[in-house]
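Below, each chain spelled out in residue letters.
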Amino acid sequence: MTPFSVLDLAPIVEGGTAADSFRNSLNLAQHAEALGYQRYWLAEHHGMRGIASAATAVVIGHVAAGTKHIRVGAGGVMLPNHSPMVIAEQFGTLESLFPGRIDLGLGRAPGSDQATARALRRDLQSDSDRFPQDVVELQHYFAAVEPGQTLRAVPGAGLNVPLWILGSSTFGAQLAAELGLPYAFASHFAPQQMLSAIAIYRARFKPSKQLAKPYVMLGFNMFAADTDAAGRFLFSSLQQAFVNLRSGRPSLLQPPVDGFAERLHPGDAAMVNSALSCAAVGSPDTVRQALRNFIERTGADELMLTSQIFDHAARKRSYEIAAEVRESLLPVSA
């Protein structure tokens, strides 16, 4: 059966705070663990009013400390913002604290605007063009120390921290295939090159010490509720957030609005419908069919479900329904 996992964008809702977001993240992680989800990932974003997980490694530690066995990780760390040594030390520390439970997904986008990227890096000598070299350097820091080696990550060296390549284009697919790493595609907000990227990754994959055969995880929006109308209502919070972000005015996560999609300008509607097309929105039956169709179309090895829902109880319920539906999905034939 296709494993399900959680991508938590640690939303700060209208009227709420980052502290509320962190409490909700831990509560949701505990809920997901009880429901049998495979892993729980948090993403690095900076300077965005509605996302609280900028200090991603810190929030991962918070979630891992409050759970028992679910894997916890980054989906992802934006490597151009950091030196590979710093990330090796951070995730070596996490792996030492929570052995066998930490994942490290790596992306090459800044996770911010250019002004914020400059403030993060102090200069732009580290950039996305060096992403492949930075990934290889990071792998080196996690490898066993060799005789005479003077530069080492402590903790980090010799620890088994699984690396993933994240992407929304064919670039990441090619890199993940070349390095023999698992590949996570951001189809939950940028699905346009999804099928091409999957095909390239699977065709060019080279086995590695970490991974013997290709492994694809796909992002997928989940807005499950008791009825289709209730699911569409919850979905409007993400639609609002996406319109605001693409309009250059990122916002706190807004309360849902009845009929929001119907009132959108045609251009905005087309943009939202395209970007958020990988989604299951509605009742359990509607969600079941959407999931089945998506898995059959893509052959995904794992789904990373994200639910940017304003009401925390409704968000938990969405993941409950997804877990219930998963049990009724037939395995995808090889």
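Residues numbered from 1 in each chain as written. Predicted model: local features only at pLDDT ≥ 70, side-chain atom pairs only at ≥ 80, totals over all residues. Heavy atoms only, no water.

## Focus on the overall build of the protein chain
Link 1 in the chain: When its secondary structure is counted, the protein chain shows eleven helices and nine strands.
Link 2 in the chain: At 19 Å, the protein chain has a C-alpha radius of gyration in line with the 20 Å of a compact globule built from 334 residues.
Link 3 in the chain: If one aligns the C-alpha atoms of the protein chain with their principal axes, the spans along those axes are about 65 × 45 × 40 Å.
Link 4 in the chain: Per-residue burial over the protein chain gives 53% buried out of 334 residues.
Link 5 in the chain: For the protein chain, the accessible surface area stands at approximately 14,400 Å², while carbon and sulfur atoms represent 55% of it. (Helix = DSSP H or I, 4+ residues; strand = E, 2+ residues; numbered from the N terminus. Rg over C-alpha atoms; globule rule 2.2 N^0.38 Å. Buried < 20%, exposed > 50% of the residue type's maximum accessible area, 1.4 Å probe, protein only. Areas by Shrake-Rupley, 256 points an atom, 1.4 Å probe, with all protein chains shown as cover.)

## Concerning the nonpolar core
Link 1 in the chain: Counting 74 residues, the largest nonpolar core has Y37, F91 and L104 as the members making the most contacts within it.
Link 2 in the chain: Once residues lying within four places of it in the same chain are set aside, the contact partners of L104 are A74, V77, I87, F91, L138, F142, V161, P162, L163 and W164. (Core = buried A, V, L, I, M, F, W, Y, C linked by side-chain atoms within 4.5 Å. Contact = heavy atoms within 4.5 Å.)

## Looking at the packing of aromatic side chains
Link 1 in the chain: One pass over the full model with this rule turns up eight aromatic pairs.
Link 2 in the chain: A centroid spacing of 6.2 Å and a plane angle of 65° characterise the contact between Y183 and F185, whose relative ring orientation is edge-to-face. The same class applies to Y183 as to F185, namely buried.
Link 3 in the chain: Within the aromatic cluster, the residues linked to one another by ring pairs are Y183, F185, Y201 and F205.
Link 4 in the chain: Across from the ring centre of F171, 3.8 Å away, lies the NZ or CZ of R108, which sits over that ring. (Phe/Tyr/Trp six-rings, centres within 6.5 Å; stacked < 30°, edge-to-face > 60°. Lys NZ or Arg CZ within 6 Å of the ring centre and 35° of its normal.)

## Observations concerning the pattern of salt bridges
Link 1 in the chain: Scanning the model with the defined rule gives twelve salt bridges in all.
Link 2 in the chain: Salt-bridge contacts for D226 lead to R317; the nearest nitrogen and oxygen are separated by 3.6 Å. Here D226 is found in the loop between β7 (216–224) and α8 (228–246), whereas its partner R317 is found in helix α11 (residues 312–326), with 91 residues between them in sequence.
Link 3 in the chain: Under the relative-accessibility criterion, R317 is labelled partly exposed at 29%.
Link 4 in the chain: Between E324 and R317 there is a salt bridge, with its nearest N and O atoms 3.5 Å apart.
Link 5 in the chain: You can call E324 partly exposed: its relative accessible area is 47%.
Link 6 in the chain: When salt bridges with common partners are traced through the structure, they connect R39, R71, D103 and E302 into a single cluster. (Salt bridge = Lys/Arg side-chain N within 4 Å of Asp/Glu carboxyl O.)

## Some details on helix α7 (residues 194–204)
Link 1 in the chain: Those residues of α7 not exposed but buried are M194, A197, I198 and Y201. Axial view of α7: buried residues confined to an arc of 100°, hence all on one face.
Link 2 in the chain: Those residues of α7 that are buried are in contact with α6 (170–179), β6 (183–185), β7 and α10 (284–298). (Arc of directions from axis to C-beta.)

## Things to note about the packing of α8 against helix α9 (residues 266–275)
Link 1 in the chain: Viewed as axis vectors pointing N to C, α8 and α9 meet at an angle of 115°, and their least axial separation amounts to 10 Å. Judged by the angle between their axes, α8 and α9 are roughly perpendicular. Read as a crossing pair, α8 and α9 show a hand that is right-handed. In this structure, α8 contributes Q239, F242, V243 and R246 to the contact, and α9 contributes D268, M271, V272 and A275.
Link 2 in the chain: Class assignment of the residues belonging to the contact of α8 with α9 gives a composition of five nonpolar, one polar and two charged. (Axes fitted to C-alpha atoms, helices over the stretch in contact; angles between N-to-C directions. Parallel < 35°, antiparallel > 145°, perpendicular 65-115°, else oblique. Left-handed = near helix turned anticlockwise from the far one by under 90°. Nonpolar A, V, L, I, M, F, W, Y, C, P; charged D, E, K, R; others polar.)

## Comments concerning the environment of V161
Link 1 in the chain: Residue placement: V161 occurs in the loop between α5 (131–142) and β5 (163–167).
Link 2 in the chain: The spacing of V161 and E95 is 66 residues in sequence and 6.8 Å in space, taken between C-alpha atoms.
Link 3 in the chain: When neighbours within four sequence positions are excluded, V161 is seen to be in contact with F91, E95, I102, L104 and F142.

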